[in-house]
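# Examining the three-dimensional arrangement
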Amino acid sequence: MKTLLSTFHDWFIYDRRMSQLSMWISTIINMFHISEILDVGAGDGKIDNILMEKNDVQITGIDVLVRDKTFIPVTEYDGRTIPYHSNEKQTTMMIDVLHHTDDPERVFSEVVRVSDEYILIKDHILHGWWSLLKLKMMDYVGNKQYSVNLPYNYLTEEQWNKMFEDNNLEIVYYADKLDLYTFLCHLFFDSNLHFIALLKRKETSKWN
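Definitions and limits used
- Once a new chain begins, its residue numbering starts again from 1 and follows that chain's sequence as written.
- With the structure being a predicted model, the display of local features is reserved for residues of pLDDT at least 70 and the display and counting of side-chain atom pairs for 80 or more, all residues being used for whole-chain, interface and lining totals.
- Side-chain calculation: all heavy atoms of the structure are included, whereas hydrogens and water are not.
- By definition, a salt bridge exists where a carboxyl oxygen of Asp or Glu is found within 4 Å of a side-chain nitrogen of Lys or Arg.
- Think of it this way: any DSSP run of H or I at least four residues long counts as a helix, any run of E at least two long counts as a strand, and we number them from the N terminus.
- Only protein chains enter the accessibility calculation, which uses a 1.4 Å probe. A residue is then buried if its area is under 20% of the maximum for its type, exposed if over 50%, and partly exposed in between.
- Two residues form a contact once any of their heavy atoms are found within 4.5 Å.
- Charged residues are defined narrowly, with Lys and Arg counted positive, Asp and Glu counted negative, and His plus the chain ends left uncounted.
- Polar contacts here mean pairs of N or O atoms no more than 3.5 Å apart (in protein, one a potential hydrogen donor and the other a potential acceptor; neighbouring residues in sequence count only if both atoms are side-chain atoms).
- In this description, the arc belongs to the directions extending from the helix axis to the C-beta atoms.
- Look down the strands so they point away from you; if the path from the first strand over the helix to the second goes clockwise, the crossover is right-handed.
- Two strands make a pair as long as DSSP finds a minimum of two bridges between them.
- The axes used here are C-alpha line fits, helices contributing only the stretch in contact, and every angle between their N-to-C directions lies in the interval 0 to 180 degrees.

### Structural notes on the pattern of salt bridges
A full pass over the atoms with the stated rule returns eight salt bridges. With a shortest N-O distance of 3.4 Å, Lys46 and Asp15 are connected by a salt bridge. Here the residue Lys46 occupies a position in helix α2 (residues 46–54), and Asp15 occupies one in helix α1 (residues 4–31), the gap between them amounting to 31 residues. The exposure class of Asp15 is partly exposed, given its relative accessible area of 45%. When the shortest N-O distance is used, the salt bridge between Asp96 and Lys122 registers 2.9 Å. One end of the pair, Asp96, is in the loop between β4 (89–95) and α3 (104–114); the other, Lys122, is in strand β5 (residues 115–124), and 26 residues separate them in sequence. Here the two residues Asp96 and Lys122 agree in accessibility, since each one is buried.

Below, the structure written as C-alpha cells:
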C-alpha cells in the first residue's frame, strides 16, 4: 500500500525525473556515438525504454531485485559479480545505483571490468549533514515502496574522484545542474546534490 509521500513522488517527481534524465543521457549517447548499454540496477527499465525510443541504442538491464512490471527485460544478478565477460559491453550505465550498495567500490570495479569503452553514471555528491538529510529523504520516498536496499552510502566529491582514479578512469563529460525537479522540490532537492558523468579509461602510453 502506497504512502502519501510515495503518491506525491509518483505524481510530481517521477515523470519529470525520467524526462530530464533521458534528455541528458540522450545528449551523451549522440555526442559519443554510443550504440550499446548495459544498465546495472535497471529498476523498472522505464528510462531505458525511453532512451531506445529516442535513440539508435540497444539496452539490456540487470538488477538484484526484479520488479513485477518492467518496461524492458531485466535479468536478476547477485549484486556482486556482473554476469558478463570483461570488456563485453561497449557502455555500462548506473543511474542512482551505487549509494544503494553495501560495497560501492566493489560494484564499481565490476562495472569497469565489463565495460569496453565507457561508463555512464548518474549519482549524488555528499556535502555534509544537511545534504545527507535531504538525500536520505529523497531515497526513502522514491524507493522504500519497492523494497530497495537503503544503506545511504553517498560519496563526497573527493571519494568519487579517488574511485575514478583508482580505476584509471578520466571524465569526458560532466554536468551537475540537471534540473530534475519542479516547484519547491527544485529549490530543496536539485541544488548541488546530483551529477551525471561519462568516463573512459585513461590512455596508456605505448612506452609503458
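### Some details on the side chain of Lys122
Overall, the relative accessible area of 1% leaves Lys122 in the buried class. Every residue in contact with Lys122, bar those within four places of it in the chain, is listed here: Leu21, Met94, Ile95, Asp96, Leu178, Leu180, His194, Phe195 and Ile196.

### Quick look at the side chain of Asp63
Its location among the elements puts Asp63 in strand β2 (residues 58–63). Among buried charged residues, Asp63 stands out as having no salt bridge; its nearest opposite-charge side chain is Arg67, 6.0 Å away. Within the local environment of Asp63, its side chain forms a polar contact with the backbone nitrogen of Leu65, the two atoms lying 3.3 Å apart. Excluding anything up to four places from it in sequence, Asp63 contacts Gly41, Ala42, Gly43, Val74, Thr75, Glu76 and Tyr77.

### Thoughts on helix α5 (residues 157–166)
Of the residues making up α5, those classed as buried are Trp160, Met163 and Phe164. All buried residues of α5 project into a common sector of 100 degrees when viewed along the axis, lining one side. Turned more than 90 degrees away from the buried face of α5, the exposed residues are Glu158, Lys162 and Asp166. On its buried side, α5 packs onto α3, β5, β6 (169–175) and β7 (194–201). Directly after α5, the chain includes Asn168, whose backbone phi takes a positive value near 60 degrees.

### Some points on the pairing of strand β1 (residues 36–40)
Within β1, four of the five residues are buried, which leaves it mostly tucked inside the rest of the structure. With α2 bridging β1 and its parallel neighbour β2, the resulting β-α-β unit is right-handed. Summarising the sheet, β1 and β4 pair through three bridges and their orientation is parallel. Paired with Ile37 across the bridge in β4 is Thr91.

### Considering the sheet that holds β4
Overall, mixed pairing links the seven strands, which are arranged β3-β2-β1-β4-β5-β7-β6 in an open sheet. Either end of the sheet is taken by a strand with one partner, and the two such strands are β3 (74–76) and β6. The sheet shows a mean angle of 25 degrees between the axes of neighbouring strands, direction not considered. Two elements, β1 and β2, share five bridges in a ladder whose sense is parallel. Note on β2: the bridge partner recorded for Ile37 is Ile59. Where α3 meets the sheet, it contacts β1, β4, β5, β6 and β7, and its direction lies at approximately 145 degrees from that of β5. Each of β5, β6 and β7 touches α5; the most contacted strand, β5, lies at about 170 degrees to it.

### Re unusual backbone geometry
Look at His33: it is not a glycine, yet its phi comes out positive at around 55 degrees. Residue placement: His33 occurs in the loop between α1 and β1. Taking relative accessible area as the criterion, His33 reaches 65% and is therefore assigned exposed. You will see that Asp96, though not glycine, has its phi angle at about 50 degrees, which is positive. Overall, the relative accessible area of 10% leaves Asp96 in the buried class.

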